[in-house]
Amino acid sequence: MSLDWIYYAISWILLTWHSAWDHIRVPVEAVLGTNWSWILAIIFLVVTVRVILFPVFVKQIKSQRAMQALQPKVKELQEKHKGDRETLQKEMMELYRKEKANPLMGCLPMFLQIPVFLGLFHTLKRLNPDNQGKTLYGWTVDQFNSASSAKLFTAPISGRFGSTADELARLGATGHTTKIIAGVLVLIMIVTTYLTSRQMILKTGWAEDPQQRMVQRLMLYGIPVSLLVSGSIFPIGVIIYWVTNNLFTLGQQQWVLRKFPPLVTPKPGAAGRTGAQPVKTGGLLGRKAAPAPAKPQVTTPKVAGPKPGAKPVNAKKTRPAKRQG
């Protein structure tokens, strides 16, 4: 299957944003060793993709809330069909269908962003002054040459941490500077990737199912650690995209989690609680939950006792004598 349509789409968005910054007089030449028009084009590529995917992201959060609310019923099915995996799977799929919950929706935004990432990776990898196919995917020769020489603090955006000295020499850069810039960006990429996963887990809670908890741990620790290796082969422009995407995700998750607060499933035996309830969240972007009305305290009226030293009163003697007729 050809991926040319992805490369054309990514190139078109990049070139459109680059032209936009050029029209508003963002300097074409390097300022502080940085060609800001190309850096901003990559950053706003992220903004464009995330705005397009925002409805999908909201559906992802709603699906996660539905899945969380169904956990008590899922546990009941697991206890009921213990040892019968086939029946359990059928019952769970029927439950998801009935409640309109989709377990795969949580991964959909990430899967939709993979083609964008691959397209940008391929596009930036081609930015070599010696490349003969400069007009592929809708580029002009001038645009290709401008992007090939674009730099971030003198490090080329098509350069990598693992670039050889010959490759960097053709891009007009030095190895030490490129490795420092790439190394710092990789560290930022790792930290922001960890923070995005941690933010979601802290808001939604750790899964009680061992397999789901293992997936959460993989997302939290495994992916950031893997970036130590894979980050060395990513062009600097791709790392800029990844870091910007993580920062966008942190802000977007914060807004959505306040708008659609996670549910808290009551523990078995909790008195007076039925169903899952939203966590109280506050802040500028979300309303604070109204405090629960205080329950009126029922007080037992106090009965005044006899004063010290007083003679006991006999109730019978205080009654009026019946008249003898």
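So, here is what we can say about the structure in this document.

About the thresholds
- Residues numbered from 1 in each chain as written.
- Predicted model: local features only at pLDDT ≥ 70, side-chain atom pairs only at ≥ 80, totals over all residues.
- Heavy atoms only, no water.
- Helix = DSSP H or I, 4+ residues; strand = E, 2+ residues; numbered from the N terminus.
- Buried < 20%, exposed > 50% of the residue type's maximum accessible area, 1.4 Å probe, protein only.
- Contact = heavy atoms within 4.5 Å.
- Areas by Shrake-Rupley, 256 points an atom, 1.4 Å probe, with all protein chains shown as cover.
- Core = buried A, V, L, I, M, F, W, Y, C linked by side-chain atoms within 4.5 Å.
- Phe/Tyr/Trp six-rings, centres within 6.5 Å; stacked < 30°, edge-to-face > 60°.
- Lys NZ or Arg CZ within 6 Å of the ring centre and 35° of its normal.
- Salt bridge = Lys/Arg side-chain N within 4 Å of Asp/Glu carboxyl O.
- Patch = residues over 30% accessible without salt bridge, like charges linked within 9 Å, V, L, I, M, F, W, Y side chains within 5 Å.
- Expected span 1.5 Å × (residues − 1).
- Bend = angle between axes of the 7 residues up to and from the residue.
- Axes fitted to C-alpha atoms, helices over the stretch in contact; angles between N-to-C directions.
- Left-handed = near helix turned anticlockwise from the far one by under 90°.
- Nonpolar A, V, L, I, M, F, W, Y, C, P; charged D, E, K, R; others polar.

**Overview of the overall build of the chain**
For step 1, the next point in the chain: Counting secondary structure elements, the chain contains 11 helices and four strands.
For step 2, the next point in the chain: Residue burial in the chain is summarised as follows: out of 325 residues, 35% are buried.
For step 3, the next point in the chain: Partitioning the intrachain contacts of the chain with sequence separation of at least 6 by distance along the chain shows that 66% fall at a separation of at least 24.
For step 4, the next point in the chain: Summing over all exposed atoms, the chain offers an accessible surface of approximately 21,200 Å²; the carbon and sulfur share of this is 63%.

**Considerations on the nonpolar core**
For step 1, the next point in the chain: Ranked by size, the top nonpolar core spans 43 residues in total, and within it Leu 45, Leu 120, Trp 139, Met 189, Phe 234, Ile 236 and Tyr 241 carry the most contacts.
For step 2, the next point in the chain: Every element with two or more residues in this core is listed here: helix 1 (4-23), helix 2 (36-69), helix 5 (108-125), helix 6 (141-148), helix 8 (175-204) and helix 10 (236-259).
For step 3, the next point in the chain: Dropping the residues within four chain positions of it, Leu 45 is found in contact with Ile 10, Ile 13, Leu 14, Trp 17, Leu 120 and Tyr 241.
For step 4, the next point in the chain: Met 67, Val 74, Tyr 96 and Ala 101 belong to the second-largest nonpolar core, a separate cluster that totals nine residues.

**Examining the packing of aromatic side chains**
For step 1, the next point in the chain: Tallied over the full model, the rule gives 14 aromatic pairs.
For step 2, the next point in the chain: Residues Phe 117 and Trp 242 carry aromatic rings whose centres are separated by 5.4 Å and whose planes lie at 85° to one another, so their mutual orientation is edge-to-face. In this pair, Phe 117 is assigned in helix 5 and Trp 242 in helix 10, connecting sequence segments 125 residues apart. As far as burial versus exposure is concerned, Phe 117 and Trp 242 are alike and both buried.
For step 3, the next point in the chain: Residues Tyr 194 and Tyr 221 carry aromatic rings whose centres are separated by 6.3 Å and whose planes lie at 35° to one another, so their mutual orientation is tilted. Taken as a pair, Tyr 194 in helix 8 and Tyr 221 in helix 9 (residues 210-230) lie far apart in primary sequence, 27 residues in all.
For step 4, the next point in the chain: Exposure remark for Tyr 221: the relative accessible area of 42% places this residue in the partly exposed category.
For step 5, the next point in the chain: Aromatic ring contacts, followed pair by pair, group Phe 117, Phe 121, Phe 234 and Trp 242 into a single cluster.
For step 6, the next point in the chain: The residue whose ring lies beneath Lys 179 is Phe 161, and the NZ or CZ to ring-centre distance is 4.9 Å.

**Looking at the environment of Pro 129**
For step 1, the next point in the chain: One can find Pro 129 in the loop between helix 5 and helix 6.
For step 2, the next point in the chain: Since its relative accessible area comes to 32%, Pro 129 is described here as partly exposed.
For step 3, the next point in the chain: In sequence terms Pro 129 and Arg 170 are 41 residues apart; their C-alpha atoms lie 7.1 Å from each other.

**Brief notes about the pattern of salt bridges**
For step 1, the next point in the chain: All chains considered together, the criterion is met by four salt bridges.
For step 2, the next point in the chain: Salt-bridge contacts for Glu 86 lead to Lys 90; the nearest nitrogen and oxygen are separated by 3.7 Å. With Glu 86 and Lys 90 both in helix 4 (residues 85-99) and four residues apart, this pair spans about one turn of that helix.
For step 3, the next point in the chain: Overall, the relative accessible area of 55% leaves Glu 86 in the exposed class.

**Here's the deal with unusual backbone geometry**
For step 1, the next point in the chain: In this model, Arg 25 sits at a positive phi of 70°, which is unusual for a non-glycine residue.
For step 2, the next point in the chain: In this structure, Arg 25 sits in the loop between helix 1 and helix 2.
For step 3, the next point in the chain: Despite not being glycine, Leu 32 shows a phi value in the positive range, around 55°.
For step 4, the next point in the chain: Residue placement: Leu 32 occurs in the loop between helix 1 and helix 2.
For step 5, the next point in the chain: Note on Leu 32: relative accessible area 68%, which makes it exposed.

**Quick word on a nonpolar patch on the surface**
For step 1, the next point in the chain: On the surface, a nonpolar cluster with roughly 520 Å² of combined accessible area is contributed by Met 110, Phe 111, Ile 114, Leu 118, Val 215 and Met 219.
For step 2, the next point in the chain: Of all the secondary-structure elements, those providing two or more residues to the nonpolar patch are helix 5 and helix 9.
For step 3, the next point in the chain: In terms of residue count, helix 5 provides more of the nonpolar patch than any other element does, four residues in total.
For step 4, the next point in the chain: Among the structural elements, Met 219 can be located in helix 9.
For step 5, the next point in the chain: Accessibility expressed as a relative area gives 32% for Met 219, which makes it partly exposed.

**Overview of helix 2**
For step 1, the next point in the chain: Here helix 2 is 34 residues long and its end C-alpha atoms lie 46 Å apart, about the 50 Å a rise of 1.5 Å per residue gives.
For step 2, the next point in the chain: Taken as a whole, helix 2 carries its principal kink of about 50° at Phe 54; the proline Pro 55 stands between one and four residues after it.

**With respect to the packing of helix 2 against helix 10**
For step 1, the next point in the chain: Relative to each other, helix 2 and helix 10 sit at 40°, their axes nearing to 9 Å. Considering only the axes of helix 2 and helix 10, their crossing is right-handed. Mapping the contact onto sequence places Ile 39, Ile 42, Ile 43, Leu 45, Val 46, Val 47, Val 49, Arg 50, Phe 54, Phe 57, Ile 61 and Arg 65 in helix 2 and Gly 237, Ile 240, Tyr 241, Thr 244, Asn 245, Phe 248, Thr 249, Gln 252, Gln 253, Trp 255, Val 256 and Leu 257 in helix 10.
For step 2, the next point in the chain: Among the residues forming the contact of helix 2 with helix 10, the class breakdown is 16 nonpolar, six polar and two charged.

**Re the side chain of Thr 178**
For step 1, the next point in the chain: On the secondary structure map, Thr 178 appears in helix 8.
For step 2, the next point in the chain: The contact partners of Thr 178, leaving out residues within four places of it in the chain, are Ala 155, Pro 156, Arg 160, Leu 168, Ala 173 and Ile 236.

**Notes on the environment of Thr 123**
For step 1, the next point in the chain: Along the chain, Thr 123 falls in helix 5.
For step 2, the next point in the chain: Exposure remark for Thr 123: the relative accessible area of 1% places this residue in the buried category.
For step 3, the next point in the chain: Separated by 14 residues in sequence, Thr 123 and Tyr 137 place their C-alpha atoms 8.9 Å apart.
For step 4, the next point in the chain: When residues no more than four places from it in sequence are discounted, the contact partners of Thr 123 are Tyr 7, Ile 10, Ser 11, Leu 14 and Trp 139.

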